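# Architecture at a glance
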2 protein chains.
Amino acid sequence: MKIICSRSDLQKSINIVMKAIPSKTTMSILQNIMIDASKGVIHFIANDMELGIETVVEGRIDEKGKVALDAKLFSDIVRKLPDSEVIITVDNNYLTEIRCEKSKFKIPGLSGEDFPYLPYVEKDHSIAISQFTLKEVIRQTAISIAQNENNKMMSGELFEIIDNSLRVVSLDGHRISIRRIELRESYEHKKVIVPGKTLMEISKILSGEVEDDVVLYFTKNHILFEFDQTIAVSRLIEGEYFNVDKMVSNDYNTKVTINKQEFISCIDRATLFVKEGDKKPVILGADDTLLTLKIASDIGSMDEQIMIEKEGKDILIGFNPRFLLDALRVIDDEEVELYMVNSKAPCIIRDEASTYTYLILPINFNQ
Amino acid sequence: MKIICSRSDLQKSINIVMKAIPSKTTMSILQNIMIDASKGVIHFIANDMELGIETVVEGRIDEKGKVALDAKLFSDIVRKLPDSEVIITVDNNYLTEIRCEKSKFKIPGLSGEDFPYLPYVEKDHSIAISQFTLKEVIRQTAISIAQNENNKMMSGELFEIIDNSLRVVSLDGHRISIRRIELRESYEHKKVIVPGKTLMEISKILSGEVEDDVVLYFTKNHILFEFDQTIAVSRLIEGEYFNVDKMVSNDYNTKVTINKQEFISCIDRATLFVKEGDKKPVILGADDTLLTLKIASDIGSMDEQIMIEKEGKDILIGFNPRFLLDALRVIDDEEVELYMVNSKAPCIIRDEASTYTYLILPINFNQ
């Protein structure tokens, strides 16, 4: 094999496929980037067996062939090369020479015969959205993806298509995040659970531009993302997702309207009194015009007031300040509305049109 | 005690004294910032028993007094406050209230009666240099301060004043860094060893401006740095420093002149083939016009050529690439000169006027 690419094109493509290189694995072949120049186009491929990414690399093929190279070493070498033309040649033993200006590297390669190529995905059911929108919706819902995998379903996100809307949901044991996006056209009903890790990695390589589209294809077991010169295929999580509609109620006794930034700053200060792993709640007390925020621990105490508008009953309710912060920080509105029933029932933060809904369970406290 | 300061002034002064808060200590009082408003001026003081820092805080004293506050908590609270006026009041039990706009914090304080104030330093012998120069010379010599404290003297730097020049030297077992700075006037001979940690912390709080001065005072056991509204006092390391003049020779058989940036990039690429903790040398071979750089390990191999000018004999010599990089990165010149005797003797990188001298020991290798 002999290919010639610019350093910057190599770097760009490596950065994309690196997202599917596992940080640790028992299958050492997975720690390689497969360079496939056996047909007319250069492809880089990586696959951690849950997520696989394949991208087209700009460049010239002087001699067709393939090789699998240690991803970290290959990436490090390319990163440190001067911004110039790079010539990669592979001999019959897969010894790979990387040349750039007066630098010459030799590293061992592998045939890659046992490298797992991406699974074939039937391109039947697709939806198209802007890369910006997908990147945003992942950021705005990832907060409540469960970090431990005790419950597999909680480690993923529900992607549900109903007519012309896409609903994305994540939930751990303490909170639910729901975002609803309007699509450009109507599609038949689809409901899949995408692994959280897949979404985090995909969102890192999306351009984030409104003009650039990403097309999503669904099959029974896989989701495929197609964008720019890249396709990414991920396994889906099997099972029937939680019935979140039953968990989120529209009833409330108290509605508080508050300036989001003030609220964030105030809760952020309160977190100083919560030690790592501690369950100390911040206590919110709403009367007609003021929200009083209090926290006290053995480190010290804080109280603070914020001007609010309130409908309905006064309330005193405790929350994990981290959960409030996580939700508020992914909401773009200047003012937010909190809907509460009583001090034992979940608080819901949502906008009028329900484009977003964040549910947070309260914490008991001793008055 | 009651004092009123702007948040930004508090923050600035906290950042300065934090440099003398030990990361761990058995004397818990040292983890506090001493606020002393017992006289007409507000002082913040911290002292880790090697380095002590005292700085003046802009603000108003409504009621004189003192208190010692947990440095981390106090710093975290102030950082998260809105940019506004901050009122700090302390009651008879040293319970401290911090108020800012509608936020009110209460944290326990200490009398600070066992707080170690800065030692008294006789201001006899002083030299004045710009903060820029001191900051630079620390950066340019810190590379060879020994990281482990097996040899106490190697963990410090020699500051030696000879007439109108300041010589700063550090050395570990493998290399020596020497910088010579011309002073504005002549001083009597002084020779002290300053702890490396002191210098690193001081350099972080120096403004780095050419126009701002720092005055250094020396006594038998201490060095005092006076700048802006701050004084920092550090213990000195006792003992007679190494005789570096005997270690650095001006004889050479080979002199190589090379573009510094090309040399750095090339060595940097070579480091890819050195595993952490490995002693694999990069091998330099100089003939009349080219320097060939080679490295080979079980990861792979690299070779590269750089155009040079050479005087004297051809040479083949091995180095720890990290040591070469460290020295080259703190040299500002575009071209550097390497002076070598043979493959067993140290290489010296220095300029014509000897404002800098970096000595690096070679590593044996099998040809």
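To start, this report covers the structure provided alongside it. (Residues numbered from 1 in each chain as written. Chains lettered and ligands numbered in written order. Predicted model: local features only at pLDDT ≥ 70, side-chain atom pairs only at ≥ 80, totals over all residues. Heavy atoms only, no water.)

Two copies of the chain are present, and they differ by a rotation about an axis and a shift along that axis. Each copy superposes on the other: chain A lies on chain B with an RMSD of 0.0 Å after a rotation of 180 degrees and an axial shift of 0.0 Å. The operation mapping one copy onto its partner corresponds to a two-fold rotation axis. Minimal C-alpha distance to the rotation axis in chain A is attained by A:Ser23, lying at 16 Å. Taken as a fraction of all interface residues of chain A, those also at the interface in chain B reach 100%, which identifies the copy contact as same-surface. (Least-squares fit on C-alpha atoms with pLDDT ≥ 70 in both. Contact = heavy atoms within 4.5 Å.)

On to the sheet that holds strand β13 (residues 213-218) of chain A, then. All names here are of chain A. With antiparallel pairing, 8 strands are arranged side by side in an open sheet as β6-β2-β3-β4-β15-β14-β13-β10. Edge positions in the sheet fall to β6 (65-70) and β10 (125-130), since each of these pairs with one other strand and no more. Each strand of the sheet is rotated relative to its neighbour by a mean of 20 degrees, with strand direction disregarded. Sheet topology places β13 next to strand β14 (residues 222-227); 4 bridges connect them, and they run antiparallel. Counted as the bridge partner of tyrosine 217 is leucine 224 from β14. Strands β2 (32-37), β3 (42-47), β4 (51-57) and β15 (230-235) of the sheet are contacted by helix α1 (residues 7-17), whose axis makes an angle of about 165 degrees with β4. Against the sheet, helix α2 (residues 71-80) makes contact with β2, β3 and β6, and its axis sits at roughly 95 degrees relative to β6, the strand it touches most. (Pairing = 2+ DSSP bridges. Helix = DSSP H or I, 4+ residues; strand = E, 2+ residues; numbered from the N terminus. Axes fitted to C-alpha atoms, helices over the stretch in contact; angles between N-to-C directions.)

Residues and elements named next belong to chain B. In this structure the tally under the stated criterion is 1 cavity of 30 Å³ or more. Approximately 30 Å³ is the volume attributed to the largest cavity. Looking at the largest cavity, the residues that line it are Val256, Leu284, Gly285, Ala286, Leu291, Ile315, Ile317 and Met340. Taken together, the elements giving at least two residues each to the lining of the largest cavity come down to β17 (282-286) and β20 (315-319). Split into classes, the residues belonging to the lining of the largest cavity amount to 7 nonpolar, 1 polar and no charged. (1 Å grid on protein atoms, 1.4 Å probe; cavity = no way out; pocket = protein on both sides within 12 Å on 5 of 7 lines; lining within 4 Å. Points joined across faces, edges and corners; volume = space filled by probe spheres on them. Nonpolar A, V, L, I, M, F, W, Y, C, P; charged D, E, K, R; others polar.)

All names here are of chain A. It is the contact of α1 with α2, at a shortest axis distance of 9 Å, that shows an interaxial angle of 145 degrees. Read as a crossing pair, α1 and α2 show a hand that is left-handed. Residues Arg7, Leu10, Gln11 and Ile14 of α1 pack against Phe74, Ser75, Val78 and Arg79 of α2. (Left-handed = near helix turned anticlockwise from the far one by under 90°.)

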